[in-house]
Amino acid sequence: MFKYIIRRLLVAIPTLFLTITLIFFGLRVLPGDPAAAMLGDNATESAVEALREKMGLNEPLWKQYVDYLGSLLQGDLGYSFISNASVSSQLFSVFPDTLKLTLAGIFFGCLIGMPLGIFSALRQNTKTDGFLRFISMIGVSIPPFLLGIYMILIFSLKLNLFPSNGTGQGFIDELHHLFLPALTIGLILSATIMRYTRSSMLDEINQDYIRTARAKGIPERIVVYKHVLRNTLIPVITIIGVQMTGLLSGAVITEAIFSRPGLGSLALGAITTRDFPVLQGALILFSVAVVAVNLLVDISYSIINPKIRAK
Amino acid sequence: MTTLLEVKNLNAGLGEGDYRSLLDQINFTVKKGEAIAVVGESGCGKSMTALSIMGLLPRNIKIKSGEIKLEGVELTSKSQKEMNEIRGKEIAMIFQEPLTSLNPSFTIGNQIAEVLKYHTDYTAEQIKEKSIEVLKQVNMPDPEEKLKAYPHELSGGMRQRVMIAMALACHPKILIADEPTTALDVTIQAQILELITELQNKFNMSIIMITHDLGVVAETCQRAIVMYAGQIVEESSVEELFEKPLHPYTRGLMLSAPRLGNPKEKLHVIEGTVPDPDDMPKGCRFSPRCEFATEKCFAEEPPLEQVDKSRRVRCWHKLL
Amino acid sequence: MAEPAIQIPNEQTERKKKENVRSPEWAAFKKNKLGMAALWVLIAITLIAIAAPLIAPYDPYAQNVANRMQGPSAAHWLGTDSYGRDTLSRIIYGSRTSLLVGVVSVALSGIIGFAAGIIAGYKGGKIDDVIMRVLESIQSIPLLLLGLMVLVAAGSNLVTLILVITVGLLPSCARIARGTTIDIKEKEFVKAAISMGSSTTRILFHHILPNIMSSLLVISALHMTSAIMVEASLSFLGIGVQPPTPTWGNMIQDGFKYVTLNPTLAVYPGIALIIVSVSFNLVGDALRDALDPHLSRKR
Amino acid sequence: MAQTLVEQEDLLVVKDLKTHYPIRNGLLGGQTGSIKAVDGVSFTVKKGETFSIVGESGCGKSTVGMSILRLTEPTSGEVIFNDKNVLEKNKHELKAIRRDMQVIFQDTYSSLNPKHTIKKILSEPLVINRKMTKEKREERVIELLRLVGLGPHHLNRFPHEFSGGQRQRIGIARALALNPKLIICDEPVSALDVSIQSQILNLLEDLQQKLKLTYIFISHDLSVVEHISDRVAVMYLGKIVEMGKREEIFNHPQHPYTKALLSSVPIADPKLKNKRERIILKGDVPSPKNPPKGCHFHARCPFKMEKCEEAYPSYVHVSSEHRVACHLLDS
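Keep in mind that what you see is a predicted model, and the values were worked out from it rather than measured. (Residues numbered from 1 in each chain as written. Chains lettered and ligands numbered in written order. Predicted model: local features only at pLDDT ≥ 70, side-chain atom pairs only at ≥ 80, totals over all residues. Heavy atoms only, no water.)

1. Things to note about the overall build of chain B
Moving on, step 1. Scanning chain B from terminus to terminus reveals 11 helices and 12 strands.
Moving on, step 2. Since a compact globule built from 320 residues should have a radius of gyration of about 20 Å, the 20 Å found for chain B is in line with a globular shape.
Moving on, step 3. Its C-alpha atoms give chain B principal-axis dimensions of about 65 × 50 × 35 Å.
Moving on, step 4. Here chain B, with 320 residues, has 60% of them falling under the buried criterion.
Moving on, step 5. Carbon and sulfur atoms make up 49% of the accessible area of chain B, which totals about 12200 Å².
Moving on, step 6. For chain B, the centre of its 38 positive side-chain charges and the centre of its 45 negative side-chain charges are spaced 2 Å apart. (Helix = DSSP H or I, 4+ residues; strand = E, 2+ residues; numbered from the N terminus. Rg over C-alpha atoms; globule rule 2.2 N^0.38 Å. Buried < 20%, exposed > 50% of the residue type's maximum accessible area, 1.4 Å probe, protein only. Areas by Shrake-Rupley, 256 points an atom, 1.4 Å probe, with all protein chains shown as cover. Lys, Arg positive; Asp, Glu negative; His and termini not counted. Charge placed at Lys NZ, Arg CZ, Asp CG, Glu CD.)

2. Concerning the overall build of chain D
Moving on, step 1. Within chain D one finds 9 helices and 12 strands.
Moving on, step 2. Viewed in the frame of its principal axes, chain D has a C-alpha envelope of about 70 × 60 × 45 Å.
Moving on, step 3. Residue burial in chain D is summarised as follows: out of 331 residues, 59% are buried.
Moving on, step 4. Sequence-distant contacts in chain D: of pairs separated by 6 or more residues, those separated by 24 or more amount to 64%.
Moving on, step 5. Per element, the accessible surface of chain D, about 13600 Å² overall, is 48% carbon and sulfur.
Moving on, step 6. The distance from the centre of the 48 positive side-chain charges to the centre of the 39 negative ones in chain D is 5 Å. (Contact = heavy atoms within 4.5 Å.)

3. Details of the interface of chain C and chain A
Put simply, an interface is often sized by how much accessible area is lost when its parts join up.
Moving on, step 1. Contact with chain C, which involves 57 residues of that partner, is made by 59 residues of chain A.
Moving on, step 2. Remark: the boundary between chain C and chain A carries 2 salt bridges.
Moving on, step 3. At the surface where chain C touches chain A, the tally comes to 7 residue pairs in polar contact (both at pLDDT 80 or more).
Moving on, step 4. At the level of secondary structure, the elements contributing two or more residues to the side of chain C that touches chain A comprise α5 (125–139), α6 (143–154), α9 (200–236), α10 (248–257) and α11 (264–291) of chain C.
Moving on, step 5. In terms of residue count, α11(C) provides more of the side of chain C that touches chain A than any other element does, 13 residues in total.
Moving on, step 6. Looking at the side of chain C that touches chain A, its residues break down into 37 nonpolar, 11 polar and 9 charged. (Salt bridge = Lys/Arg side-chain N within 4 Å of Asp/Glu carboxyl O. Polar contact = N/O pair within 3.5 Å; in protein donor to acceptor, adjacent residues only side chain to side chain. Nonpolar A, V, L, I, M, F, W, Y, C, P; charged D, E, K, R; others polar.)

4. What about the confidence of the model for chain D?
Moving on, step 1. Across chain D, the average pLDDT comes to 89, with 96% of residues at or above 70.
Moving on, step 2. Taken together, the chains of this predicted complex give a pTM of 0.87 and an interface ipTM of 0.85. (pLDDT = per-residue confidence, 0-100.)

5. Considerations on the packing of helix α11 (residues 244–257) of chain A against helix α13 (residues 276–304) of chain A
Residues and elements named next belong to chain A.
Moving on, step 1. It is at 9 Å that the axes of α11 and α13 come closest, and there the two elements cross at 140 degrees. By the angle between their axes, α11 is oblique relative to α13. As α11 packs across α13, the resulting crossing turns out to be right-handed. Taken together, the residues of α13 that come into contact with α11 (itself represented by M244, T245, L248 and V252) are F286, A289, V290 and V293. (Axes fitted to C-alpha atoms, helices over the stretch in contact; angles between N-to-C directions. Parallel < 35°, antiparallel > 145°, perpendicular 65-115°, else oblique. Left-handed = near helix turned anticlockwise from the far one by under 90°.)

6. Focus: the nonpolar core
Moving on, step 1. Counting residues in hydrophobic clusters, the biggest one holds 117 residues, and the most contacted among them are F145(A) and I149(A).
Moving on, step 2. For this core, the leading source of residues is α11(C), giving 12 residues.
Moving on, step 3. Judged by nonpolar contacts, the second largest core, of 104 residues, contains V30(B), A169(B), I188(B) and F242(B). (Core = buried A, V, L, I, M, F, W, Y, C linked by side-chain atoms within 4.5 Å.)

7. Some points on α11(C)
Because each turn of an α-helix spans 3.6 residues, side chains separated by three or four positions in sequence point in the same direction.
Moving on, step 1. Along its 28 residues, α11(C) runs 40 Å from first to last C-alpha, staying within 8% of the 40 Å computed at 1.5 Å per residue.
Moving on, step 2. The element α11(C) is extensively covered by neighbouring structure, given that 21 of its 28 residues are classed as buried. (Expected span 1.5 Å × (residues − 1).)

8. Notes on the sheet that holds strand β4 (residues 61–70) of chain B
Residue and element names in this part refer to chain B.
Moving on, step 1. Across the sheet, 4 strands lie side by side as β2-β1-β4-β5; this open sheet has antiparallel pairing. The open sheet has two edge strands, β2 (20–31) and β5 (73–74), and neither has a second partner.
Moving on, step 2. Relative to β4, strand β1 (residues 3–14) runs antiparallel, the two sharing 8 bridges. Across the sheet, the residue bridging to K8 is E67, located in β4.
Moving on, step 3. Across the sheet, helix α1 (residues 46–54) lies against β1, β2 and β4, angled at about 70 degrees from β2, the strand it touches most. (Pairing = 2+ DSSP bridges.)

9. Let's talk about the sheet that holds strand β2 (residues 31–46) of chain D
Residues and elements named next belong to chain D.
Moving on, step 1. Strand order in the open sheet formed by 4 strands is β2-β1-β4-β5, and the pairing between neighbours is antiparallel. Edge strands, defined here as strands with exactly one partner in the open sheet, are β2 and β5 (84–85).
Moving on, step 2. Running at roughly 110 degrees to strand β1 (residues 10–24), helix α1 (residues 61–68) makes contact with β1, β2 and β4 (76–81) of the sheet.

10. A closer look at the environment of A218(B)
All names here are of chain B.
Moving on, step 1. Among the structural elements, A218 can be located in helix α8 (residues 214–220).
Moving on, step 2. Judged by relative accessible area, which is 1%, A218 ranks as buried.
Moving on, step 3. Through-space distance from the C-alpha of A218 to that of L241 is 9.5 Å; in sequence the pair is 23 residues apart.

11. Some remarks on the packing of aromatic side chains
Moving on, step 1. Overall, the coordinates contain 17 aromatic pairs over all chains when judged by the stated rule.
Moving on, step 2. Note on F92(A) and F95(A): the rings are 6.3 Å apart at their centroids and 65 degrees apart in plane angle, and the pair reads as edge-to-face. On the criterion of helical spacing, the pair formed by F92(A) and F95(A) is a turn pair, its members being 3 residues apart in helix α5 (residues 87–122).
Moving on, step 3. Among the aromatic side chains, those forming a connected cluster through ring pairs are F24(A), F25(A), Y65(A) and Y68(A).
Moving on, step 4. It is R230(A) that lies over the ring of F106(B); its NZ or CZ is 5.1 Å from the centre. (Phe/Tyr/Trp six-rings, centres within 6.5 Å; stacked < 30°, edge-to-face > 60°. Lys NZ or Arg CZ within 6 Å of the ring centre and 35° of its normal.)

12. So, the environment of A191(D)
Moving on, step 1. With respect to the helices and strands, the residue A191(D) is situated in the loop between β7 (182–186) and α6 (194–211).
Moving on, step 2. Separated by 55 residues in the primary sequence, A191(D) and R246(D) place their C-alpha atoms 24 Å from one another.

13. Observations regarding a nonpolar patch on the surface
Residue and element names in this part refer to chain C.
Moving on, step 1. Taken together, the side chains of L100, V103, V104, L108, L158, V159 and L163 define a hydrophobic patch exposed on the protein surface, amounting to about 530 Å² of accessible area.
Moving on, step 2. When residues of the nonpolar patch are traced back to their parent elements, those giving at least two are α4 (87–123) and α7 (158–185).
Moving on, step 3. If one sorts the elements of the nonpolar patch by residue count, α4 sits on top with 4 residues.
Moving on, step 4. Inspection of the secondary structure puts V159 in helix α7. (Patch = residues over 30% accessible without salt bridge, like charges linked within 9 Å, V, L, I, M, F, W, Y side chains within 5 Å.)

14. Focus: the pairing of strand β6 (residues 101–104) of chain D
Residues and elements named next belong to chain D.
Moving on, step 1. The alternating pattern of β6 places M101 and V103 and Q102 and I104 on opposite faces, both of which are buried.
Moving on, step 2. Direction of pairing for β6 relative to β7: parallel, over a ladder of 4 bridges. Bridging across to β7, M101 finds its partner in L182.

15. Some thoughts on the side chain of S223(D)
Moving on, step 1. Along the polypeptide, S223(D) turns up in helix α7 (residues 222–228).
Moving on, step 2. Judged by its relative accessible area of 11%, S223(D) is buried.
Moving on, step 3. Once residues lying within four places of it in the same chain are set aside, the contact partners of S223(D) are P258(B), R259(B), L260(B) and V265(D).

16. Concerning the pattern of salt bridges
Residues and elements named next belong to chain B.
Moving on, step 1. Using the criterion set out here, one finds 44 salt bridges over all chains in the structure.
Moving on, step 2. The salt bridge partner of R223 is E235, with a shortest N-O separation of 2.3 Å. Highlighted residues: R223 in strand β9 (residues 223–228) and E235 in strand β10 (residues 231–237), separated in sequence by 12 residues.
Moving on, step 3. Exposure remark for R223: the relative accessible area of 9% places this residue in the buried category.
Moving on, step 4. Taking the relative accessible area as the measure of exposure, E235 reaches 6% and is therefore buried.

17. Concerning the side chain of Q111(B)
Residue and element names in this part refer to chain B.
Moving on, step 1. As for its position among the elements, Q111 is in helix α3 (residues 108–119).
Moving on, step 2. Assessed through its relative accessible area of 2%, Q111 is described here as buried.
Moving on, step 3. Looking at Q111, its side chain comes within polar contact range of the main-chain oxygen of N103, at 2.7 Å.

Printed below as a string of structure tokens:
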């Protein structure tokens, strides 16, 4: 297993490197001049040229790339064009907010999705199952920003139960503020988790060894909770890794709608000010997070699953 | 010998509306300590018969009528919960694919202990001792070590031994073995068949051996039931059956399988295929493939007739 | 507790009804009522999008400040927006953008992604490693943020928007194509074809493609939903298709600004968006169920 | 069954064939070892005979078949078919050789393209290799169907509309389309029910006589092998342990493994039950990933000697055709 983890780590490094490279070239190969974009339509040519010089855009591409990699290795993501603050410190100061939101979202996603998936599978092909499947279908078809807006419309504006923006002061108030945005992310994630749990459970229930367990005369509840569930939920964990990019995108947009500080708000703010270095930094940080989470999920999966453990 | 299990006029089929009969008038008994074979090709209903006895029929297949009595106690009317008292304790079952029949996420020890946990009052200590004991009984090398192993760490033959150990743990009266060696290599098959026979004699256990292989029948069983298209077509002691099969299908089966030691020039052929449950032939179900079929066979279904004390045949033109 | 069905090994082979033999997939699809309904909805919406100028009651760009922020009425069935434009007409025109972005990016990503996946799956080895590693890297870049960056850097326009979404969809296109290709490649009819002397091209087009086509169709239907959702999200953030061109995303953004005054402004285009994306998902799911009842549970 | 074997020409000569699969388990997916699926196998197949390769799962018998066809690329050795070395040929030349070598598989489901009609399946080899008019092709397809006991009314059906036995007939018809000289039958009846199995075995025998075919018959089923073969090779962990004429192998087996294998087969005759001498082997077949040193069989062999653990035995010729790799015969 140790070997597996090492190998997985070694695979993650080139992936990360490639990702960062893709981001770099992706942004430079595409048409359009970031300097011009940053300054807006009314900028003079000399101003644009000055900015290009300042941003290093006039250097040859390979030099820009080497410089970019070099500073990345030192954890240097450049300086904000607007505030001149270090991008990395800016990112890390709001990182906990995004982390909190994402984790709370995953919590809600599992809390809602897993039991409903199990429930639905146990009632396969009944009306309840059909209803739950339809609901989950809507869940995977609704973009997070729309759900966020509807949550605000209903729970903040109509019912006045939860605040629609900000983070709040103190633990209870913070939780109160966190609830709606986390639920937004959680509900969308729960639809996927539910569908996956259901299908994974149905696969499991049809396995030969479940028949063996029944033939042993074990109570049905033990068959379900011990033999079926364990093998069902292990693969479900892995989809959180798969869903990570979606989750983070959801977090970005949810932060925007609920006016919460975080990586998403920072990135969106940087769009209005055309703060290129901040945007690039956020993108890199998000990509690193995705690679890291997938790595973690794979490793924990290898620890739980005896088949991989043996290797 | 006392009768242990009695299956009487068992009918089972698929679905409610467009009912498809899968088992038709299944009648047989199993006596204490005997090994009885249920033979037939795929789709003849042999596994279905076994699952009916276990109360483990798939959800979409229902028993329509008939009785299954274990020592005089009716099983078909029992709830799943009540059946759990019987399964694994009174009647145990092993399956064809030892690889997929064991849960990959739990150790061998855990899976054997489970049977004992729900059928006995043993303490954890006793359960462990007993687990090692049954593994020894199935000739498992280093049984103590094997308790900690996961199924994928064992070979196919070893896994089937674990399945048998699990089945034996509570000393069942009947062991149903559903094609227990079909997925195994021939040298491993010999080991497992020898083991099953050894255990049958040691514990005076009854065995229902479900197989398509007449060789397995001849080597391990005393009595045989031949099934075709959901019906019993012949029942006999194994010696008599191989001496002189009475049903054309039984005879055809025996002649069409190449047999070691006599490489004949030409194999016997049963033309055609097993009929689909959707579209059963009228009259005798074997008639379209039978070389002896007459008009009567195509029109009327023959009854399962008692020929002598121990033989029954379903045929208008028994090969007497 | 319901007793789940146990699969019956070999006991009886499922035989399909004779009349469905030619296209058992289509016959199975037709049985799925929800999927069929969704298909009709999509056909209707496509027709509406094509015939928008004939159907829309008003010019979607015609402002009428006197008539702003009106609720539903006989004249304006879904009311008017902050410039007094007719919401219904704008929703009808908005469907054009959604479908255009969806169809073009799904088609583009399909052509490139499926080809890459089939090659990776069929050739294996180094080529496979390289293609998959690149796609894995693309997959770890959050699409929405990438879209933000690129659209900011390159300026918002429809072509860039479509390109971004295309890139985002590539990895899963390739993954599906690769997986199914590997499945089919291992089948013995492919080995038989090789031993008969079939060329690689012939094997790809005669044997592999027809057998993976259905899976590719399924993923394409599901990708329509993703593409439409991303387009709407970017437009909602104000960096997708720019106003005054109506899209559901920028209409929702516009409505969200005035959410306290007239919440329905954000609701109607949202409902249109959900109907379309649910429909594509339903069609995709129904297709998958029809193609392989076992596969349907794998997600 | 074939005619007298004396003076028959060799159709296929396999010399020291090795097919090793790499085990990639290193840190960067590097190769850490290899599975020696086929490890130095040599035999000849004569024109018109049925040569069988028999063994348990994992012994490499199917890999031998696939390596001859180069559907699996062998690591080394020679495969000389009709005086041409198959392993040295380029893609184009290989195509020409392959026309004369066809294959039938075990799994009748996966061996036919589910999206093609029977007509398309049977036309394909003709389209690829022969310049034929459409009418000629259709005639040939119908001729092929008749040859395997099917008829023109089956032409426009799809594989899933047939039973397993019928699908195997279609597989055989496809293999026959190009008039091959050699057919490699890879477990062709293992997935079939007994009554269907005999239909297919009889068909294969009829076709062999009618079309002067040569078969390499790969199977784990000793009864079937005894029935159909002229000569038999017994494989164990990548090597042939014993090879000879059918009667020699089945009536006078020399290798302890062959003996054990034969005595393991359940015989459908209860009278023989207690009369047979049975050798029940202990333990399992070792993994081909790391076979035991010396003779691969020594761990399970009831007659193991010291030197069995040290060196792999060389072949001893019992008769002109019959050779055995066992130290018991050394002296």
